[in-house]
Amino acid sequence: MAGIDESKPFVSINIAVLTVSDTRTAANDTSGDVLVSRIKENGHRVFDRKILPDDQGALSDQLANWCENPEIDVIITTGGTGVTGRDVTVEAHRALYEKEIPGFGELFRWISFQKIGTSTVQSRATAGVCKGTYMFALPGSTGACKDAWDEILTYQLDIRHRPCNFVELMPRLTER
């Protein structure tokens, strides 16, 4: 049965948050603030938080650096998942993926469709694994970040979630 198995102990994980934007600053990064708040409220740790412009090279370098750090379990980016010329977050993610998790983007767009209708087709939200680190690319809106966290990540990043979750697979992500 789906849900939280209260008989299992909770496991806190380390999450890095990256806002991708040419205009956001620490003072107005509402999407990053939403993610940080929810991460902490759920009992996880914000290992690092940064804001970078829409530059694929800089994004790839930062993501690769975090993937090399064995203390970081999950990376969540917000912004740059649209279809304009400056939206390069998805390309930066996919260049690093060893395995893509297509169901994440599919589920995100299904949830989003119920709230914003066909406008959801403009989102290229994606997820994958790189060097044992989960990577999630979310749109830059606060609503999208709330939807992704509240309806997907809060469960998949909780080891007590049944029938399965991402956390229980962490020890096996780098096996060959």
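Q: Just checking my understanding: could you explain the pattern of salt bridges for this structure?
A: Side chains bearing opposite charge may pair, as long as their charged atoms lie close to each other. Evaluated as defined, the whole model comprises 15 salt bridges. Across the pair aspartate 48 and lysine 50 runs a salt bridge whose closest N-O atoms are separated by 3.7 Å. Relative accessible area serves as the criterion here: at 23%, aspartate 48 is assigned to the partly exposed category. Overlapping salt bridges, with partners in common, bring together Arg24, Asp29, Asp33 and Arg49 in one network.

Q: Explain the environment of aspartate 147 here, please?
A: In this structure, aspartate 147 sits in helix α5 (residues 142-156). Look at aspartate 147 and you get buried, because its relative accessible area is 13%. In this structure, the C-alpha to C-alpha distance between aspartate 147 and isoleucine 111, residues 36 residues apart in sequence, is 7.3 Å. Setting aside its immediate chain neighbours within four residues, aspartate 147 contacts Phe108, Ile111, Lys115 and Ile152. Among the polar contacts made by the side chain of aspartate 147, one reaches the side chain of lysine 115 at a distance of 2.8 Å.

Reading guide: rules and limits
Residues numbered from 1 in each chain as written. Predicted model: local features only at pLDDT ≥ 70, side-chain atom pairs only at ≥ 80, totals over all residues. Heavy atoms only, no water. Salt bridge = Lys/Arg side-chain N within 4 Å of Asp/Glu carboxyl O. Buried < 20%, exposed > 50% of the residue type's maximum accessible area, 1.4 Å probe, protein only. Helix = DSSP H or I, 4+ residues; strand = E, 2+ residues; numbered from the N terminus. Contact = heavy atoms within 4.5 Å. Polar contact = N/O pair within 3.5 Å; in protein donor to acceptor, adjacent residues only side chain to side chain.

Don't take any of this as a statement about function, it's just geometry.
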